[in-house]
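A look at the structure
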Amino acid sequence: MAQRSRVAGFLTALALALGGSVALAAPASADSYDCYRYLDRLYHGIDDDHDLACEYGADGRYRLCVELLDDNGIFRRHAYEACSRADW
């Protein structure tokens with residue numbers, strides 16, 4: 001009986017260890033990397049200002065993201081799309 005109890009305890013701990021991380025994981029969502037990757041595909045070599053703008057977009061500061069990208073050489077239509085990808 002004691003061995004059955006230990007096995008049950010081990011299996012419970014194993015299930016919590018494996019399944020607990022999945023249950024606690026955040027839902028998938030867009031972030032600054034989606035914005036950055038979009039810009040990198042179009043412009044091949046973006047800089048820290050562009051990365052910062054993408055972080056602003058991911059934080060919900062869409063207008064600041066667009067303005068910063070626009071001020072740093074990104075076409076406005078691309079800035080809108082990039083910041084939208086960060087904010088999804």
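Data block above holds the structure.
Summary of the structure given here. Residue numbers here run from 1 along each chain, matching the order of that chain's written sequence. Two thresholds apply to this predicted model, a pLDDT of at least 70 for residue-level local features and 80 or more for giving and counting side-chain atom pairs, whereas whole-chain, interface and lining totals are computed over all residues. As a rule here, side-chain values come from all non-hydrogen atoms in the structure, and water together with hydrogens is ignored.

1. Notes on the state of the cysteines
- Our working definition of a disulfide is a cysteine sulfur pair at a distance within 2.5 Å. Applying the stated criterion across every chain yields a total of two disulfides.
- The residue that forms a disulfide with C35 is C54, at a sulfur-sulfur distance of 2.1 Å. Across the S-S bond of C35 and C54 the torsion is about -65°, and the bridge reads as left-handed. You can see C35 sitting in helix α2 (residues 32-43) and its partner C54 sitting in helix α3 (residues 48-58), a full 19 residues away along the chain.
- A disulfide bridge connects C65 with C83, and the sulfur atoms are separated by 1.9 Å. Its S-S torsion of approximately -90° makes the covalent link between C65 and C83 left-handed. Remark: C83 occurs in helix α5 (residues 76-87) and C65 occurs in helix α4 (residues 62-71); sequence separation between them is 18 residues.
- Judged by its relative accessible area of 0%, C65 falls in the buried class.
- Here the protein chain pairs its bonded cysteines, counted in sequence order, in the arrangement 1-2, 3-4. Only DSSP runs of H or I reaching four residues or more are called helices, and only runs of E reaching two or more are called strands; each is numbered from the N terminus. Per-residue accessibility, obtained with a 1.4 Å probe over protein chains only, is compared with the maximum for each type, and a residue is labelled buried under 20%, exposed over 50%, and partly exposed between these values.

Limitation: the analysis is restricted to geometry and does not speak to function.
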